[in-house]
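Given next are the chains, with one letter for each unit.
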There are 2 protein chains.
Amino acid sequence: MTDSNRPPDATQVGRPFDRSRDALILEVTLDLLAERAYDRVTLDDVAARTGKAKTTLYRRWATKDDLVLAAIHSIGLPPEIEQLPDLGSLRSDLLAVVDSPWLGGPDRRLALFSGLTSAARASERIAGAVRAEVTEPYGEIYRRLLTRAIDRGEISAEMAARVPIVADVIPAMSTHYLTAADRPAQRDFFVAVIDDVVLAALQVGRG
Amino acid sequence: MTDSNRPPDATQVGRPFDRSRDALILEVTLDLLAERAYDRVTLDDVAARTGKAKTTLYRRWATKDDLVLAAIHSIGLPPEIEQLPDLGSLRSDLLAVVDSPWLGGPDRRLALFSGLTSAARASERIAGAVRAEVTEPYGEIYRRLLTRAIDRGEISAEMAARVPIVADVIPAMSTHYLTAADRPAQRDFFVAVIDDVVLAALQVGRG
């Protein structure tokens, strides 16, 4: 703590910020967003938990929004967008997305998305980043899974026209739940959306 | 204009603000929200279009948020919550909600909801008001319509357990669309949600 509170000396001035330290700071920021709403996450919290001085954080990220945007960028896209689950049935594949180990698994990931939803409400820039890096990629993953299920004959080809709108139901219900309830959705909720809305609307598993 | 710019005199001090004038101001506020995003609606716009002085507006509503909250309260709840449409089929009743003349009919109403969504992103208090006075009442209307359709036998009783989650699909998709697209959803979108998701998931019209 005392060390990181030291004012910059001659050797530090102009030296690029050590980016290898960013990973810890961004991870702590994500942890805090998974624990509480955006308005109760402060730079002081991040400083305290990382042992960095606030001035150090501010040299790297001018505002809390900038820090949170960097944290969002750091998580990358859902891995399923690179590698679609392929477990033999549409339902298993959809559940594999819900149960993905990404970002620490379902509980921590849903808690983090709850924090990101509160952050998106507070900042238009963050809202744009959450749309581009979370909501839209998930829509894309569900669209591809449903399209593949048509190709495989698991969904009737007559249903093809409704795939785009049905693919948006899971991200839409997730956002709706987070906005209405202000707490993370549980796995059961997604299972019900998959079974009672998505698969039901596409008449899967009624053959 | 000159009259309304006059500073308060002795007879005005302490006199209650003339609430009959509120209706015009709130209606103009709603018109502006139907035309553009919240961050581009200013008190200057409201003053210019109503012919009131900004000081007059600020005496009544301390901030833009307060004015918009008052405008949201002024619209009341969707009339369908008092009187459910009853046109003989679930599909007709759901479409009657979409085609309701409330707030000037579908085009103006959807444009207004688009403005309210942008306002909700800018203010937690407005987000709460939109949830309580728009999103949740619509969820309630759809729940009642679906429940009534079960009572009438139009939806199989086996589907009863999924009614609550399916009832939330229309408001959820509406919010999702508004958040993603930043422009009002069109009627076609709601018709597709009703036919391809809601009625499909409840197996209506397949008998």
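Every value quoted in this text rests on a predicted model; they were computed, and no experiment measured them.

**Here we look at the overall build of chain A**
Then, in step 1: Across its full length, chain A holds 11 helices and zero strands.
Then, in step 2: When the helices and strands of chain A are listed from N to C terminus, the series reads α-α-α-α-α-α-α-α-α-α-α.
Then, in step 3: Across chain A, every contact between residues at least 6 apart in sequence was considered, and the portion connecting residues at least 24 apart equals 66%.
Then, in step 4: Carbon and sulfur atoms form 52% of the exposed surface of chain A, whose accessible area is close to 9,700 Å².

**With respect to the domain arrangement of chain A**
Residues and elements named next belong to chain A.
Then, in step 1: Examined at the domain level, chain A breaks down into domain 1 (19-73) and domain 2 (77-201).
Then, in step 2: Just the C-alpha atoms count here: the centres of domain 1 and domain 2 sit 27 Å apart.
Then, in step 3: Counting from both sides, the interface comprises 15 residues of domain 1 and, opposite them, 14 residues of domain 2.
Then, in step 4: Around 1,200 Å² of area is buried between domain 1 and domain 2 when both sides are counted, 65% of it from carbon and sulfur atoms.
Then, in step 5: The largest contributions to the domain 1 side of the interface with domain 2 come from Tyr38, Leu69 and Ile72, which together make up 41% of the buried area.

**Some points on the relation of the copies chain A and chain B**
Then, in step 1: Note on the copies: chain A fits chain B at an RMSD of 0.0 Å, the axial shift is 0.0 Å, and the rotation between them is 180°. Given the turn and translation reported, the copies of this chain are related as if by a two-fold rotation axis. Among all residues of chain A, the minimum C-alpha distance to the rotation axis is found for alanine 201 of chain A, at 2.0 Å.
Then, in step 2: Interface overlap between copies is the fraction of interface residues in one copy that are interface residues in the other; for chain A against chain B it reaches 100%, indicating a shared surface.

**Some thoughts on the interface of chain A and chain B**
Then, in step 1: Taken together, the contacts link 27 residues of chain A with 27 residues of chain B.
Then, in step 2: Both faces considered, chain A and chain B share a buried interface measuring about 2,300 Å² in area, 62% of it formed by carbon and sulfur atoms.
Then, in step 3: The three residues of chain A that bury the most area against chain B are Arg121, Ile165 and His176 of chain A, which together make up 26% of that side's buried surface.
Then, in step 4: Counting across the chain A and chain B interface gives four salt bridges.
Then, in step 5: For arginine 121 of chain A, the salt bridge identified is with glutamate 124 of chain B, shortest N-O distance 3.2 Å.
Then, in step 6: Where chain A packs against chain B, one counts two residue pairs in polar contact (both at pLDDT 80 or more).
Then, in step 7: Those elements that provide at least two residues to the side of chain A that touches chain B are α7 (106-122), α8 (124-151), α9 (163-167), α10 (169-181) and α11 (187-201) of chain A.

**A closer look at empty space enclosed by the protein**
Residues and elements named next belong to chain A.
Then, in step 1: Using the criterion set out here, one finds two cavities of 30 Å³ or more in the structure.
Then, in step 2: What the second largest cavity holds in volume is close to 40 Å³.
Then, in step 3: At the level of secondary structure, the elements contributing two or more residues to the lining of the second largest cavity comprise α6 (90-98) and α8.
Then, in step 4: Classifying every residue of the lining of the second largest cavity by side-chain character gives three nonpolar, one polar and four charged.

**Side note on unusual backbone geometry**
Then, in step 1: Located in the positive-phi region is leucine 103 of chain A, a residue other than glycine, with phi close to 60°.
Then, in step 2: If you trace the backbone, leucine 103 of chain A turns up in the loop between α6 and α7.
Then, in step 3: The phi dihedral of glutamine 203 of chain B falls on the positive side, at around 55°, and the residue is not glycine.

**Re the pattern of salt bridges**
All names here are of chain B.
Then, in step 1: Summed over the entire model, instances satisfying the criterion amount to 37 salt bridges over all chains.
Then, in step 2: Across the salt bridge formed by arginine 108 and aspartate 31, the nearest N and O atoms sit 2.6 Å from each other. Of this pair, arginine 108 sits in helix α7 (residues 106-122) while aspartate 31 sits in helix α2 (residues 22-35), and the two are 77 residues apart along the sequence.
Then, in step 3: Between arginine 152 and aspartate 86 there is a salt bridge, with its nearest N and O atoms 2.7 Å apart. On the criterion of sequence distance, the pair formed by arginine 152 in the loop between α8 (124-151) and α9 (163-167) and aspartate 86 in the loop between α5 (64-75) and α6 (90-98) is long-range, its members being 66 residues apart.

**Some thoughts on the packing of α6 of chain B against α8 of chain B**
Axes are the key here: two packed helices are described by the angle between their axes and the distance separating the axes.
Residues and elements named next belong to chain B.
Then, in step 1: Remark: α6 packs on α8, axes separated minimally by 10 Å, with the N-to-C direction vectors making an angle of 165°. One way to sum up the angle between α6 and α8 is to call them roughly antiparallel. Crossing geometry of α6 relative to α8 is assigned as right-handed. For the pair α6 and α8, contact is made by Leu90, Asp93, Leu94 and Val97 and by Tyr138, Ile141, Tyr142, Leu145, Leu146, Arg148 and Ala149, respectively.
Then, in step 2: Its residues assigned to classes, the contact of α6 with α8 shows nine nonpolar, no polar and two charged.

**Details of the packing of aromatic side chains**
Residue and element names in this part refer to chain A.
Then, in step 1: Across all of its chains, the model carries 12 aromatic pairs over all chains by this definition.
Then, in step 2: Each ring, one from tyrosine 177 and one from phenylalanine 189, has its centre 4.6 Å from the other, and the planes form 50°; the classification is tilted. Separated by 12 residues along the polypeptide, tyrosine 177 in helix α10 and phenylalanine 189 in helix α11 bring together distant segments of the chain. Grouping residues by exposure puts tyrosine 177 and phenylalanine 189 together as buried.
Then, in step 3: Clustering of aromatic rings is evident, with ring pairs tying together Trp102, Phe113, Tyr138 and Tyr142.

Thresholds, definitions, all that
Residues numbered from 1 in each chain as written. Chains lettered and ligands numbered in written order. Predicted model: local features only at pLDDT ≥ 70, side-chain atom pairs only at ≥ 80, totals over all residues. Heavy atoms only, no water. Helix = DSSP H or I, 4+ residues; strand = E, 2+ residues; numbered from the N terminus. Contact = heavy atoms within 4.5 Å. Areas by Shrake-Rupley, 256 points an atom, 1.4 Å probe, with all protein chains shown as cover. Domains from an automatic or database assignment. Buried area = accessible area lost by both parts, 1.4 Å probe. Least-squares fit on C-alpha atoms with pLDDT ≥ 70 in both. Salt bridge = Lys/Arg side-chain N within 4 Å of Asp/Glu carboxyl O. Polar contact = N/O pair within 3.5 Å; in protein donor to acceptor, adjacent residues only side chain to side chain. 1 Å grid on protein atoms, 1.4 Å probe; cavity = no way out; pocket = protein on both sides within 12 Å on 5 of 7 lines; lining within 4 Å. Points joined across faces, edges and corners; volume = space filled by probe spheres on them. Nonpolar A, V, L, I, M, F, W, Y, C, P; charged D, E, K, R; others polar. Axes fitted to C-alpha atoms, helices over the stretch in contact; angles between N-to-C directions. Parallel < 35°, antiparallel > 145°, perpendicular 65-115°, else oblique. Left-handed = near helix turned anticlockwise from the far one by under 90°. Phe/Tyr/Trp six-rings, centres within 6.5 Å; stacked < 30°, edge-to-face > 60°. Buried < 20%, exposed > 50% of the residue type's maximum accessible area, 1.4 Å probe, protein only.

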